[in-house]
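What follows is the residue order along each chain.
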Amino acid sequence: MTERMTAAEFNQAQQGVPKEDRRRVRGTKRTVVDGVSFDSKTEAQRWHELLVLQEVGDICGLRRQVDIGLIGRDSPIMTDGGRQQRVYRADFVYVDNALGTMVVEDRKGHETEKFKLIKAILSAQGIEILITRAKG
């Protein structure tokens, strides 16, 4: 015999179950440092490295989690519903003072197929992504 539950009972049962973050890649865990949330421990470490580089004047205009619109051959690449432009969210964006260029940086442990596709789309737009990896 099958037991049935109401929607209210189901919702109440779900409240105690933590939701799994399916965006996590290869076991990374969200990390909070100084009240700022990062997607991984290595991303938090790189943020602090970049803050030091900004303090000494090697870089300027440091920003994190910057959305960059994806553009196809003729127009913006839209979401499935067609109401919003798809975006790539860069981990860090800053200006390298020695080169005088804007740097779009992503902290990666592993490049997924989705990331490789986004990287190719941005490359066609003239935007190269600097990929940094944790030393160790």
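See the structure above.
Residues numbered from 1 in each chain as written. Predicted model: local features only at pLDDT ≥ 70, side-chain atom pairs only at ≥ 80, totals over all residues. Heavy atoms only, no water.

## A few points about the sheet that holds strand 5 (residues 101–107)
Strand order in the open sheet made by the 4 strands is 3-4-5-6, with mixed pairing throughout. A single partner strand is all that each edge strand has here, and the edge strands are strand 3 (59–69) and strand 6 (129–132). The mean angle between the axes of side-by-side strands here comes to 35°, regardless of whether they run parallel or antiparallel. Each of strand 3, strand 4 (87–96), strand 5 and strand 6 is contacted by helix 2 (residues 41–55), which is oriented at about 140° to strand 3, the strand it contacts most. Strand contacts of helix 3 (residues 113–124): strand 3, strand 4, strand 5 and strand 6, with the helix running at about 145° to strand 6, the strand carrying the most contacts. (Pairing = 2+ DSSP bridges. Helix = DSSP H or I, 4+ residues; strand = E, 2+ residues; numbered from the N terminus. Axes fitted to C-alpha atoms, helices over the stretch in contact; angles between N-to-C directions. Contact = heavy atoms within 4.5 Å.)

## Notes on the pairing of strand 5
In terms of residue burial, strand 5 counts as a mostly covered element, since 5 of its 7 residues are buried. Bridge analysis of strand 4 against strand 5 gives 5 bridges, and the strand direction is antiparallel. Opposite Tyr94, over in strand 5, you have Val103 as the bridge partner. Between strand 4 and strand 5, which pair antiparallel and follow one another directly, the connecting turn spans 4 residues, one of which, Gly100, has a positive phi of 70°. Sheet analysis places strand 5 next to strand 6, joined by 4 bridges and oriented parallel. Within strand 6, the residue paired with Arg107 across the bridge is Thr132. Taking the sense of rotation as the criterion, the β-α-β connection linking strand 5, helix 3 and strand 6 turns out right-handed. (Buried < 20%, exposed > 50% of the residue type's maximum accessible area, 1.4 Å probe, protein only. Right-handed = clockwise from strand over helix to strand, strands pointing away.)

## Side note on helix 2
Under the 1.5 Å per step criterion, the end-to-end length of helix 2 is 22 Å for 15 residues, consistent within 8% with the ideal 21 Å. Buried residues in helix 2 make contact with strand 1 (31–33), strand 2 (36–38), strand 3, strand 4, strand 5 and strand 6. Positive backbone phi, approximately 90°, marks Gly57, located one or two places after helix 2. (Expected span 1.5 Å × (residues − 1).)

## Considerations on the packing of aromatic side chains
By the definition in use, this model includes 2 aromatic pairs. Each ring, one from Trp47 and one from Phe92, has its centre 6.0 Å from the other, and the planes form 20°; the classification is stacked. Placement of Trp47 in helix 2 and of Phe92 in strand 4 is noted, with a sequence separation of 45 residues between them. On the basis of relative accessibility, which here comes to 0%, the residue Phe92 falls in the buried class. Taking the centre distance of 6.4 Å and the plane angle of 55° together, the rings of Tyr88 and Phe115 count as tilted. Remark: Phe115 occurs in helix 3 and Tyr88 occurs in strand 4; sequence separation between them is 27 residues. (Phe/Tyr/Trp six-rings, centres within 6.5 Å; stacked < 30°, edge-to-face > 60°.)

## Considering the pattern of salt bridges
Counted under the stated rule, the structure contains 10 salt bridges. A salt bridge links Arg86 to Asp80; the shortest N-O distance between them is 2.9 Å. Each member of the salt-bridge network shares a partner with another, and the members are Arg46, Glu49 and Glu105. (Salt bridge = Lys/Arg side-chain N within 4 Å of Asp/Glu carboxyl O.)

## What about the side chain of Arg107?
Of note, Arg107 is situated in strand 5. For Arg107, which is buried and forms no salt bridge, the nearest opposite charge comes from Glu49, at a distance of 4.3 Å. When residues no more than four places from it in sequence are discounted, the contact partners of Arg107 are Thr42, Glu43, Arg46, Glu49, Asp91, Phe92, Thr132, Arg133 and Ala134. (Lys, Arg positive; Asp, Glu negative; His and termini not counted.)

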